[in-house]
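Notes for the structure review
Residue strings, one per chain:
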Amino acid sequence: MSEIKIVNLRKQFGDFVAVEDSSFTVNDGQFLALLGPSGCGKTTTLRMIAGLELPTSGKIYLDSEDVTFNRASARDIAFVFQLFALYPHMNVRKNIGFPLLSQRVPETEIRARVEETAKLLRIDHILDRSVSGLAGGDRQRVALGRAIIRRPKCFLMDEPLGTLDAEFREVMVHELRELHNRIHATTVYVTHDQHEAMAMADKIAVMNHGVIEQFGTPQEIYNRPASMYVADFIGSPPMNFMRFHSGLERGTRSVLLDGIEVPVPEVAEDVPPGELALGVRPEHIRFSDTSRLRGAVYGSEYLGTNQIVAVETASGIVKARVSADRSFRLGETVGLEFNPAKLAVFDCASGRAIASTYAEARHG
Amino acid sequence: MSSVNTTAHSVVEPTPTAKRIAGAIVILYALVTMVPLAWIFLTSIKSPPDSISYPPKIVFTPTLEGYCNLFTTRTRQTPDYIQSLPRPTGTCDEITRGRNMVIAGRSNYWPRFGNSLLIAFGSTFLAVSLGTLAAYGFSRFRVPLADDLLFFILSTRMMPPIAVAIPIYLMYRQFGLSDTALGMILLYTAVNVSLAVWLLKGFIDEIPREYEEAAMIDGYTRLQAFRKVVLPQATTGIAATAIFCLIFAWNEYAFAVLLTSGSAQTAPPFIPTIIGEGGQDWPAVAAGTTIFLVPILVFTIVLRKQLLRGITFGAVRK
Ligand SMILES: Nc1ncnc2c1ncn2[C@@H]1O[C@H](COP(=O)(O)OP(=O)(O)OP(=O)(O)O)[C@@H](O)[C@H]1O
Ligand SMILES: [Mg+2]
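Since the model is a prediction, treat every value here as computed from it, not as a measurement.

1. Some thoughts on the domain arrangement of chain B
Residues and elements named next belong to chain B. Entries for chain B in the domain assignment read domain 1 (1–107 + 274–292) and domain 2 (110–272). Opposite the nine residues of domain 1 that make contact, domain 2 presents 11 residues. Taking both partners together, domain 1 and domain 2 bury about 850 Å²; carbon and sulfur atoms supply 69% of that area. Our enumeration of links across domain 1 and domain 2 arrives at zero salt bridges.

Structure, rendered in structure tokens:
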């Protein structure tokens, strides 16, 4: 297995920049999720790693070998396409064995390896079926089989669960991660679904408009989003932003929200006056009658174990995730209290998170 | 889609009445188009006098005279000479002698038929092969001026090919291609390749690129991916295209008359030249036409499955 290193990778289609100067490294055996909304350049990035698309500039290294301009067939990688691309004129067995055929592996060995792979994926009972009649999950497994049989340097997957229904997706998420734990293949997995990324990945790269906004572990991405975009994209409901106008000094430990002092992790840089936003995750909000930060209940959404309560404050609507025991009346006035250690401050103009001790600690 | 309740019917399934009406229309249409063919076949088994009698005969004694006359050349002899000959060796011998003639040799029908086979299948093979490669190129690569090129290719079909007959005639004479099988193959290929490119591009566009990309990632070159993954999935389109090309090349008359007269002559210009005693030998002409229909019929029947899916241009394909 091996390491994938991307340096300043850029792709333009005419004047349109699909991927902008991306750099990241996927360590040997690591599972990276490329996460972002539709059209942000995930597929393009993946196709460049695969060799299906040539970058406009930048370098791609596989195991420290420069493969930027190598042909796809010379890169020793496997690709799982969103619609699986199972060859309709071949049965399951032929589909899985097809990559070996190109390497002139003897027939008996192909047979043995196909059967071994099928057993691993629990599809040995459908080997002689035509692929056109298969259910979504089985198609998925056949596509995976075709990818892993060659024992390639790494796996690239483009939204492989995108066409499955929600229930089955959950099953496949576990299967995929389990498979990864067993074979430890370096994997780049493209998805627009944050739950898939969170559940499977060792590292997540959040992309937006061709730019990688943040690269980190799921915990880092969730707890310390590097930008308002990431904070808003991850989590459901996403992070609340309470806007205020102010400047900050290094060492400050609180911000003024509509005249009310709210403690925050120690600010680690000087910020000139401007539009700022206090970011707070719904689960880091408590209702407290003594708090000076008050608002009126605007609506609530019951989720079983807990509920999401929307509160209208002077700084905008804030959604809190609280226990489901208590019921609220619409318009009822409540006090809000935040967990100070978990707060983040953003610069609204650039969207960037302002450095704080928490951020330093997590990153350092 | 059957249902236990016989009065209910699904929205997509036509009602039994609609089906019956549609069936009747199809049968009626088939009958109308089959009448001339049936008439040709009937004429081919009539005697020459029956074939031109008026009113036309529906009931007659069938004879193989037309086929005998098609395959042979005959000379007239005196009844005494014919009496002096040994016993006839076959049906045709006997029929011919009945008309006071003896068989002098073989006619040119089979050689002309052979030319038709060679030229039609040869040009179809070339047109479809070139068309498949060109269509694949247009479909998958960024070809500079692709749209203009495609329009240019199509524009060769915008006038009847015979409009360029004179220049081609002169050109062929210059290059020594007149009355050669190669010349006719090249000509029919040139006419058909534009049709082939356009039809096949449509079919290949419908094959997702992911298939080839998957094959290329799995270690195959583009050409191998084309052969192992694209071609097998394009068979429907290739079959449909081949039929169209073959029908054109097989039936083509005008160029064949103009450019072939001897060794490379095809069957269409030959058949009308079959002359009997005292005028056109209609049963022989009809016999020649009947046999001429067989290869296309066989080809179509063999490829009928692919055709049915191909000619509807994706409507029936999944
Ligand atoms: N061959 C191409 N020519 C021109 N533009 C392209 C081409 N391929 C992709 N693009 C554009 O590049 C942008 C990024 O595309 P890409 O397919 O990488 O997005 P994605 O993140 O995979 O989105 P999705 O979730 O919809 O698959 C899109 O706006 C797309 O229109
Ligand atoms: Mg995509």
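2. Some points on the site of ligand 1
Residues and elements named next belong to chain A. Surrounding ligand 1, one finds Phe-13, Phe-16, Ala-18, Pro-37, Ser-38, Gly-39, Cys-40, Gly-41, Lys-42, Thr-43, Thr-44 and Glu-159. Here an oxygen atom of ligand 1 and a side-chain polar atom of Thr-44 are 2.5 Å apart. About the coverage of ligand 1: the protein hides 61% of its 630 Å² of free accessible area. At the level of elements, strand E2 (16–26) and helix H1 (42–50) are the ones that each hand at least two residues to the shell around ligand 1. Looking at the shell around ligand 1, the element that brings in the most residues is H1, giving three residues. By residue class, the composition of the shell around ligand 1 is five nonpolar, five polar and two charged.

3. Focus on the confidence of the model for chain B
Residue and element names in this part refer to chain B. With 93% of its residues at a pLDDT of at least 70, chain B reaches an overall mean of 88. By mean pLDDT, the top-scoring element of chain B is helix H6 (residues 109–140) (96), and the lowest-scoring one is helix H15 (residues 304–311) (72). Ignoring residues within four places in sequence, the model shows residues 1–7, a span with pLDDT below 50, making four contacts including any to other chains. This stretch, residues 314–318, has a pLDDT under 50; its non-local contacts, to residues over four places away or in other chains, come to six contacts. Model confidence for the complex: the whole-complex pTM is 0.80, and ipTM, which rates the interface, is 0.81.

4. Things to note about the sheet that holds E2 of chain A
The strands making up a sheet associate through backbone hydrogen bonding, with each pair oriented either parallel or antiparallel. All names here are of chain A. Pairing within the open sheet is antiparallel, and its four strands lie in the order E2-E1-E4-E5. Two strands lie at the open edges of the sheet, namely E2 and strand E5 (65–66), each paired on one side alone. As paired strands, strand E1 (residues 4–13) and strand E4 (residues 57–62) are joined by five bridges and run antiparallel to one another. Residue pairing in the sheet places Ile-6 in a bridge with Ile-60 of E4. Across the sheet, H1 touches E1, E2 and E4, and the angle it forms with E1 is around 120°.

5. Remarks on the interface of chain A and chain B
Facing the 23 residues of chain A at the interface are 16 residues of chain B. Three residues stand out in chain A for area buried against chain B, namely Tyr-87, His-89 and Phe-98 of chain A, and they jointly supply 26% of the buried area on that side. Connecting chain A to chain B are three salt bridges. Taken together, the links from chain A to chain B amount to seven residue pairs in polar contact (both at pLDDT 80 or more).

Definitions and cut-offs
- Residues numbered from 1 in each chain as written.
- Chains lettered and ligands numbered in written order.
- Predicted model: local features only at pLDDT ≥ 70, side-chain atom pairs only at ≥ 80, totals over all residues.
- Heavy atoms only, no water.
- Domains from an automatic or database assignment.
- Contact = heavy atoms within 4.5 Å.
- Buried area = accessible area lost by both parts, 1.4 Å probe.
- Salt bridge = Lys/Arg side-chain N within 4 Å of Asp/Glu carboxyl O.
- Near = heavy atom within 4 Å.
- Polar contact = N/O pair within 3.5 Å; in protein donor to acceptor, adjacent residues only side chain to side chain.
- Areas by Shrake-Rupley, 256 points an atom, 1.4 Å probe, with all protein chains shown as cover.
- Helix = DSSP H or I, 4+ residues; strand = E, 2+ residues; numbered from the N terminus.
- Nonpolar A, V, L, I, M, F, W, Y, C, P; charged D, E, K, R; others polar.
- pLDDT = per-residue confidence, 0-100.
- Pairing = 2+ DSSP bridges.
- Axes fitted to C-alpha atoms, helices over the stretch in contact; angles between N-to-C directions.

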